Amino acid sequence: MKSKKNLVLIGMMASGKSTFGRILSIKLNYEFYDVDKIIEKETNMKISEIFDKKGESYFRTLEEEITLKFLNTKNSVISLGGGGFLNNAIRKKTILTSKTFWLNNSLSTLISRINKNNKRPIAKALNNKELKNLIIERSKVYDKADFKIDCENQSKSNITRKILSLYESK
Ligand code: S3P
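The text that follows walks through the structure, step by step, so that each part is easy to find. A quick note: this is a predicted structure, and the numbers were derived from the prediction, not measured.

Quick look at the site of the ligand now. Around the ligand lies a shell of 13 residues, among which K17, D36, R60, R120 and R138 are the nearest. In the model, an oxygen atom of the ligand is placed 2.7 Å from a nitrogen or oxygen of the K17 side chain. In the environment of the ligand, an oxygen atom lies 2.8 Å from a nitrogen or oxygen atom belonging to the side chain of R120. Relative to its unbound accessible area of 380 Å², the ligand is 93% covered by the protein chains.

Printed below as a string of structure tokens:
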């Protein structure tokens, strides 16, 4: 099979990066790399535990190292952590090596999904207004993705179809 650029999913926490990453990798018969899961496996700690015990900057360093490493693979689907694309080195390399898809959802959908579990350390520290501001600020960076996929009120199969058709055609 001819190698194509990797397919990378970016977006806020709870935007569906892991779910769609898995589905797309099966459809494309690609390897699937979920950066958060890899970090948890390599450290043998949950993300929240890493933040608690080692701090955010330790996590961000690890996130950069692991993400850059997996961006070197070929024929892969990679789901970045929600903060990954904010890192300059990760963003530059992602844009260079991959086709990037931003899974975009409304503020209210994201806030309600994020509030449903309190495992995410970044969100745990914020009230809804601060979370909303974070989403707005980050969206300006997520907008540098090759494709913005509006997921609001779309079925999983429609979203998958849309991403695959953009990935295959452009
Ligand atoms: C983060 C998002 C999380 C995880 C970490 C930090 C963020 O990933 O990497 O808690 O800064 O948005 P998900 O987007 O998979 O929840």
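This part covers the environment of N105. Tracing the chain through its elements places N105 in the loop between β4 (98–104) and α6 (107–116). N105 gets classed as buried once you look at its relative accessible area, which sits at 6%. Each C-alpha atom, one on N105 and one on E152, is 5.3 Å from the other, the two residues being 47 residues apart in sequence. Apart from residues no more than four positions distant in its own chain, N105 is found in contact with S15, L110, R113, C151 and E152.

For the rest of this paragraph, the subject is the pattern of salt bridges. Applying the stated criterion to the full structure yields eight salt bridges. We note a salt bridge from E63 to R60, for which the minimum N-O separation is 2.9 Å. Here the residue E63 and the residue R60 both occupy positions in helix α4 (residues 56–71), the gap between them amounting to three residues, near one helical turn. Of the residues examined, E63 reaches a relative accessible area of 2% and is grouped as buried. Residues joined in a network through salt bridges with shared partners are E56, R60 and E63.

This paragraph deals with α4. The end-to-end C-alpha distance of α4 is 22 Å, a good match for the 22 Å that 16 residues give at a rise of 1.5 Å each. Residues of α4 that are buried include every one of F59, L62, E63, I66, T67, F70 and L71, and no others. The buried residues of α4 occupy an angular sector of 155° when the element is viewed end-on, so they sit on one face. Opposite its buried face, α4 presents the exposed residues S57, T61 and E65, each directed more than 90 degrees away.

Basis of the calculations
Residues numbered from 1 in each chain as written. Predicted model: local features only at pLDDT ≥ 70, side-chain atom pairs only at ≥ 80, totals over all residues. Heavy atoms only, no water. Near = heavy atom within 4 Å. Polar contact = N/O pair within 3.5 Å; in protein donor to acceptor, adjacent residues only side chain to side chain. Areas by Shrake-Rupley, 256 points an atom, 1.4 Å probe, with all protein chains shown as cover. Helix = DSSP H or I, 4+ residues; strand = E, 2+ residues; numbered from the N terminus. Buried < 20%, exposed > 50% of the residue type's maximum accessible area, 1.4 Å probe, protein only. Contact = heavy atoms within 4.5 Å. Salt bridge = Lys/Arg side-chain N within 4 Å of Asp/Glu carboxyl O. Expected span 1.5 Å × (residues − 1). Arc of directions from axis to C-beta.

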